[in-house]
Amino acid sequence: MVDFEAQVNGSHKRQNPVSAFASQAANIAGDMLELAELQAKLVKADASKTIQRAIPALVVVVLSGCGVIACLPVLVFGLAALLDAQTQLNAWQSQLIVAGVGTLSAATCVVFASRRLLNSFGQFKRSTDELANNFAWAKCVVRSGRSTS
């Protein structure tokens, strides 16, 4: 009789536990799919920003490497000849000194550019933090058995 009055008054009919569970599961699945979509968009945005940050450092590394390769022999011999002419060192001693200084300078440039390149990948921290939060939310929802919208 109570169910009949509820139908006449326009109230909702009581759901059995199986349909209530199915409805709840559908809501949770929908929320999880939406979170997955948002997570994918966040990863895409972070990847785009990472690439934008990495490109200048990569350009510097490539151009610096090409410049060192192209100019190093001429520079080393020129500076070694200058050092040989101005000091009492032999030609081979002058060449070793100049080559050592040039190598250290180039290595320093590569180290600084490499650090900047590695730091550019820090953008993905936001994605990983959000993914961890989403998994924590999903665990909470599944364990509690109800949707938290």
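All figures in this text were calculated on a predicted structure; none of them were measured in a lab. (Residues numbered from 1 in each chain as written. Predicted model: local features only at pLDDT ≥ 70, side-chain atom pairs only at ≥ 80, totals over all residues. Heavy atoms only, no water.)

## A closer look at the overall build of the chain
Here is step 1: Scanning the chain from terminus to terminus reveals 4 helices and 0 strands.
Here is step 2: Split into buried and exposed, the 149 residues of the chain put 13% on the buried side.
Here is step 3: Nonlocal contacts in the chain, meaning residues at least 24 apart in sequence, comprise 66% of its contacts between residues at least 6 apart.
Here is step 4: Carbon together with sulfur atoms contributes 67% to the accessible area of the chain, which is approximately 11200 Å² in total. (Helix = DSSP H or I, 4+ residues; strand = E, 2+ residues; numbered from the N terminus. Buried < 20%, exposed > 50% of the residue type's maximum accessible area, 1.4 Å probe, protein only. Contact = heavy atoms within 4.5 Å. Areas by Shrake-Rupley, 256 points an atom, 1.4 Å probe, with all protein chains shown as cover.)

## Some remarks on the confidence of the model for the chain
Here is step 1: In the predicted model, the chain carries a mean pLDDT of 79, and 86% of its residues have values of at least 70.
Here is step 2: Highest mean pLDDT in the chain belongs to helix α3 (residues 91-119) (88); lowest belongs to helix α1 (residues 2-8) (50).
Here is step 3: In this model, residues 1-6 is a region of pLDDT below 50 whose contacts with residues beyond four sequence positions or in other chains number 3 contacts. (pLDDT = per-residue confidence, 0-100.)

## Quick word on the pattern of salt bridges
Here is step 1: Taken as a whole and judged by the stated rule, the model has 1 salt bridge.
Here is step 2: Here Lys-41 makes a salt bridge to Glu-37, at a shortest N to O gap of 3.7 Å. You can see Lys-41 and its partner Glu-37 sitting in helix α2 (residues 17-86), 4 residues apart, about one turn around the helix.
Here is step 3: Using a relative accessible area of 43% as the deciding quantity, one classes Glu-37 as partly exposed. (Salt bridge = Lys/Arg side-chain N within 4 Å of Asp/Glu carboxyl O.)

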